[in-house]
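Residue strings, one per chain:
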Amino acid sequence: MRNEQVAGFFDDIADLLEILEDNVFKIRAYRKAVLNIRSLSEDVEKVAGVGRLEEIPGIGKDLAAKIAEIIKTGKLKHYEVLKRKVPEGMLELMTIPGIGPKKARLLYEKRGIKSLNELEKKAKAHKISGIPGLKDKTEENISRGIELVKKHSARMSLKEALDLSAGFVSGLKKLPAAGKVIAAGSLRRMKDTVRDIDILVTSRKPQAIMDAFVKMPDVKNVLAHGSTKSAVLTTGGVQVDVRVVDENSFGAALVYFTGSQAHNVHIRHIAKRLGLKVNEYGVFDEKTDRKVAGKEEIDIYKALKLPIIPPELREDRGEIEAASKGRLPELIDVSDIKGDLHVHSRWSDGENSIEEIARAAKAKGYEYIAITDHSESLKVAGGLSERDVLKKIDEIGRVRKKVKGITLLAGVEIDILQDGSLDYRKNILDRFDIIVAAIHAGFKQSKETLTARIVKAMETGRVHIISHPTGRLKGARDPYDLALGKIFRAAKQTKTCLEINAFPDRLDLDDINSRAAKEAGVKLAVNTDSHLVDQLDYMFFGVSVARRAWLEKKDVLNTRGLSELLKFLKK
DNA sequence: GCCGTTTTCGGCCCGACTGTTTTCAGTCG
């Protein structure tokens, strides 16, 4: 995936052009390209391969050529040239919140500062204040900004973000002046990781909300405290923004605050073409300034002649075009899920007995649940020997008789060994209702070897689902390098499902790859990988990924009823 | 630098907060 690399080059170029005070619209063009490349649902290298770069919005002849150059050489001449015109370290200074091109330039020209280290030293020694236009406050903000960048660069998992925002939302709801309170931003779009929490509040007394918000218990620093908009840093180092609007602007503000930025820019373009203007207060007639919508989200889209677009799709990845043609997908919902096909019991590294899992799944209203403990090789996770796994299958038989009203499937999360073979002999494999396969060791093999391993496992004809296909673990392990195109082709051919692993630290496949899988004709399965019955609720996170991937009910294996599922498992 | 139901030139999304300033530039989302 070269998208981030390409976006990074263009982002830096935009910064450099800003320092050089180049044409603001040229800079904006680069910024737009950055947004669009980051939100691209496919690998830019692939797009380049088929000569369709210029179909990406915001990419014309010039930028397409630059992308091609980056892909071919890993470098960009234009970038090197610009970089030479700007003192070393200036881009680094601009990573500090509050420092843009103008201040970076001032700091360099008046104090010779060209690295974060120097900046930190000079700020501490009070050598910043006194530069024309910069005083004590700026100096303090710079010191704080440096601290901020040092601690707070990691993104939270969606789960952490939801937990954190829930505290602020309930606190704000308790305020007498508060009307509606809702978490917006990337959290509402259910992005798998979240940087900042954005909360929207309706009220007639915005100042009262603002004053109460900045004094909430978890607040460590106040970054901004205005009359309708404030930002704080929590004790955990997370930025929380709250914006207050009048109830009559709720819908418009919700669209604005939910984003994504690329989505917002796009709908504002559409508005402009219709002679309208969109801001966080409403949709207005550009000439008369008359308000034509604002109260509800659906009204905003309606004014733009669009159906309402689910928040999970608002990434400017084609959802606006699809909406205008009436071709938005009917997104899968948690209530469509009929069972969980990847759950661990106490037999390997889970915490609960099979009976407890069966009862918990039944209580969730599931039709079926698969108990899929680890196989022999995965010793660290209590992988079962062939002898023990047969005992486990017997136990499943006993629980079936005891717990009625749900179908228990005897399963395994089987290791795909270094050579691509499966971790049990054939006669043992015959005993399972469902086989989920995964790689748990040998991550550092080459891309070709890893890909071949998974393809070989699928070609045994025994595997129903490949679990957490890329192995990524948020904050702990990058996805291993796979030729996903090859994996998709093999999955389609062998009728193997790929998993969206709903565990909050995994969410693997991710939204972009899941969507690519769907487009390649592959079915997906959304499973929790629970090791504890409470974790069965993680299904919500997996379904969120599926929604962001444009998946419909029919694209997901475990939305099928039991008889349909059993037909598939016989394959 | 991109783009077109305003189509190859002349536009380009929109507004809040801060700090330092006397009306606004810089920065952010």
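Conventions and cut-offs
- Residues numbered from 1 in each chain as written.
- Chains lettered and ligands numbered in written order.
- Predicted model: local features only at pLDDT ≥ 70, side-chain atom pairs only at ≥ 80, totals over all residues.
- Heavy atoms only, no water.
- Axes fitted to C-alpha atoms, helices over the stretch in contact; angles between N-to-C directions.
- Helix = DSSP H or I, 4+ residues; strand = E, 2+ residues; numbered from the N terminus.
- Parallel < 35°, antiparallel > 145°, perpendicular 65-115°, else oblique.
- Contact = heavy atoms within 4.5 Å.
- Nonpolar A, V, L, I, M, F, W, Y, C, P; charged D, E, K, R; others polar.
- Domains from an automatic or database assignment.
- Buried area = accessible area lost by both parts, 1.4 Å probe.
- Near = heavy atom within 4 Å.
- Polar contact = N/O pair within 3.5 Å; in protein donor to acceptor, adjacent residues only side chain to side chain.
- Buried < 20%, exposed > 50% of the residue type's maximum accessible area, 1.4 Å probe, protein only.
- Pairing = 2+ DSSP bridges.
- Salt bridge = Lys/Arg side-chain N within 4 Å of Asp/Glu carboxyl O.
- 1 Å grid on protein atoms, 1.4 Å probe; cavity = no way out; pocket = protein on both sides within 12 Å on 5 of 7 lines; lining within 4 Å.
- Points joined across faces, edges and corners; volume = space filled by probe spheres on them.
- Right-handed = clockwise from strand over helix to strand, strands pointing away.
- Left-handed = near helix turned anticlockwise from the far one by under 90°.
- Lys, Arg positive; Asp, Glu negative; His and termini not counted.
- Core = buried A, V, L, I, M, F, W, Y, C linked by side-chain atoms within 4.5 Å.

Colleague: Looking at this model, I keep getting lost on the packing of helix α20 (residues 447-459) against helix α21 (residues 484-494). Mind explaining?
Modeller: Packed helices, taken two at a time, are described by their axes: the angle between them and the distance between them. In contact at an axis separation of 9 Å, α20 and α21 are set at 0° when each is read in the N-to-C sense. Taken together, the axis directions place α20 and α21 in an arrangement best described as roughly parallel. For the pair α20 and α21, the contacting residues are Thr451, Ile454, Val455, Met458 and Glu459 in the first and Lys486, Ile487, Ala490, Ala491 and Thr494 in the second. Broken down by class, the residue content of the contact of α20 with α21 amounts to six nonpolar, two polar and two charged.

Colleague: Is there a simple way to explain the domain arrangement of chain A in this structure?
Modeller: Interface size is often expressed as the accessible area that is lost when the parts come together. For chain A, the assigned domains are domain 1 (3-153), domain 2 (156-245), domain 3 (249-324) and domain 4 (334-570). With centres defined by C-alpha atoms, the gap from domain 3 to domain 4 works out at 40 Å. With eight residues of domain 3 at the contact, the number on the domain 4 side is six residues. Both sides together, the interface formed by domain 3 and domain 4 hides about 670 Å², and carbon and sulfur atoms give 48% of it. For the domain 3 face of the interface with domain 4, the top three residues by lost area are Glu312, Leu313 and Arg317, together amounting to 79%.

Colleague: Would you explain the protein's contact with DNA strand B in this entry?
Modeller: Near DNA strand B lie 46 residues; those nearest to it are Arg28, Lys135, His225, Arg268 and Tyr281. Each atom of DNA strand B within 4 Å of the protein was classed as base or backbone; sugar and phosphate made up 80%. Between DNA strand B and serine 227, the relevant distance is 3.2 Å, taken from a phosphate oxygen to a main-chain nitrogen or oxygen of the residue. Here a base nitrogen of DNA strand B sits 3.5 Å away from a polar atom, N or O, in the side chain of tyrosine 256. Among the secondary structure elements, those contributing two or more residues to the surface near DNA strand B are α2 (24-38), α4 (61-73), α7 (101-111), α9 (136-151), β5 (219-225), α14 (261-273) and β8 (276-279). Of the residues assigned to the surface near DNA strand B, the class counts are 16 nonpolar, 15 polar and 15 charged.

Colleague: In this structure, what is going on with the pairing of strand β7 (residues 239-245)? I would like to understand it.
Modeller: Looking along a regular strand, one sees the side chains alternate between the two faces of the sheet. Judged by how many residues are buried, β7 sits mostly within the fold: seven of seven residues are covered. Where strand β6 (residues 229-234) folds back onto β7 in an antiparallel hairpin, the turn is made up of four residues, including glycine 237, whose phi is positive at roughly 80°.

Colleague: Please explain the pattern of salt bridges as it appears in this structure.
Modeller: Note on pairing: side chains with opposite charge can pair once their charged atoms come close. If you walk through the whole model with that rule in mind, you get 39 salt bridges. Between arginine 105 and glutamate 109 there is a salt bridge whose closest N-O contact spans 3.0 Å. Linking arginine 105 with glutamate 109, this pair stays in helix α7, spanning four residues, or about one helical turn. We classify arginine 105 as partly exposed; its relative accessible area is 30%. Residue classification places glutamate 109 among the partly exposed residues on the basis of a relative accessible area of 48%. The salt bridge partner of glutamate 315 is arginine 189, with a shortest N-O separation of 2.8 Å. With a gap of 126 residues between them, glutamate 315 in the loop between α15 (297-303) and α16 (319-324) and arginine 189 in the loop between α11 (185-188) and β3 (193-194) connect regions that are remote in the sequence. On the accessibility criterion, glutamate 315 (5% relative accessible area) is buried. Here the salt bridges do not stand alone but share partners, grouping Arg189, Glu315, Arg317, Asp511 and Arg548 into one network.

Colleague: Please explain empty space enclosed by the protein as it appears in this structure.
Modeller: In this approach the atoms are scanned with a rolling probe the size of a water molecule, which exposes any empty space left behind. This structure, assessed with the given rule, holds one cavity of 30 Å³ or more. A volume near 30 Å³ is recorded for the largest cavity. Lining the largest cavity are Ala252, Val255, Tyr256, Asn264, Ile267, Arg268, Val278 and Asn279. Of all the secondary-structure elements, those providing two or more residues to the lining of the largest cavity are α13 (250-258), α14 and β8.

Colleague: Even after reading the chapter, I still don't get the pairing of strand β11 (residues 339-343), so can you show me in this structure?
Modeller: With five of five residues buried, β11 lies mostly within the body of the structure. Once the chain exits β11 it traverses helix α17 (residues 354-363) before rejoining the sheet at strand β12 (residues 368-374), and the crossover so formed is right-handed.

Colleague: Would you explain the packing of helix α1 (residues 3-19) against α2 in this entry?
Modeller: At a minimum axis separation of 9 Å, α1 and α2 run at an interaxial angle of 160°. When the axes of α1 and α2 are compared, the pair comes out roughly antiparallel. Crossing of α1 over α2 shows left-handed handedness. Counted together, Asn3, Glu4, Val6, Ala7, Gly8, Phe10, Asp11, Ile13, Ala14, Asp15, Leu17 and Glu18 of α1 and Lys26, Ile27, Tyr30, Arg31, Ala33, Val34, Ile37 and Arg38 of α2 form the full contact between these two elements. Among the residues making up the contact of α1 with α2, the classes are represented as eleven nonpolar, two polar and seven charged.

Colleague: Just to check I follow, could you spell out the side chain of aspartate 336 for this structure?
Modeller: Within the secondary structure, aspartate 336 is located in the loop between α16 and β11. For the buried aspartate 336, no salt bridge exists, and the shortest N-O distance to an oppositely charged side chain is 4.3 Å, to lysine 553. Setting aside residues up to four positions removed in sequence, aspartate 336 forms contacts with Leu331, Lys553, Asn558 and Thr559.

Colleague: Explain the nonpolar core here, please?
Modeller: If you look at soluble globular proteins, the nonpolar side chains tend to sit buried side by side. Core analysis: the biggest nonpolar cluster contains 91 residues, and Leu172, Ile197, Ile199, Val201, Phe213, Tyr424 and Leu498 have the highest contact counts within it. The leading source of residues in this core is helix α10 (residues 158-173), at six residues. Counting only domains with at least three residues in this core, you end up with domain 2 (156-245) and domain 4 (334-570). By size, the runner-up hydrophobic cluster in this structure holds 46 residues, among which are Ala33, Val44, Ile142 and Ile146.

Colleague: What exactly am I supposed to notice about the environment of glycine 130 here?
Modeller: Relative to the helices and strands, glycine 130 is located in the loop between α8 (116-124) and α9. Note on glycine 130: relative accessible area 57%, which makes it exposed. Measuring from C-alpha to C-alpha, the distance between glycine 130 and lysine 277 comes to 42 Å, with 147 residues separating the pair along the chain.

Colleague: Help me understand the sheet that holds strand β17 (residues 524-527), please; the structure alone is not making it clear to me.
Modeller: In a beta sheet, neighbouring strands pair by backbone hydrogen bonds and run either parallel or antiparallel. Taking strand neighbours across the sheet as the criterion, the seven strands line up as β11-β12-β13-β14-β15-β16-β17 in an open arrangement whose pairing is parallel. Both outer strands of the open sheet, β11 and β17, are each paired with one neighbouring strand and no more. Alignment of strand β13 (residues 407-415) against strand β14 (residues 434-438), held across five bridges, turns out to be parallel. When the sheet's bridge partners are listed, aspartate 415 is paired in β14 with alanine 438. Sitting on the sheet, helix α24 (residues 562-570) touches β11, β12, β13, β14 and β16 (497-501), and the angle it makes with β13 is about 35°.

Colleague: What should I look at first to understand the side chain of serine 249 in this one?
Modeller: Take serine 249: it is sitting in the loop between β7 and α13. Among residues more than four places away in sequence, those in contact with serine 249 are Glu280, Tyr281, Lys291 and Gly294.

Colleague: I tried to follow α17 on my own but got confused; where do I start?
Modeller: At 3.6 residues per turn, the α-helix brings residues three or four places apart onto the same side. Residues of α17 that are buried include every one of Ile354, Glu355, Ile357, Ala358, Ala360 and Ala361, and no others. In this structure, the buried residues of α17 make contact with β11, β12, α18 (386-402) and β13. After α17 finishes, the residue glycine 365 shows a positive phi value of roughly 85°.

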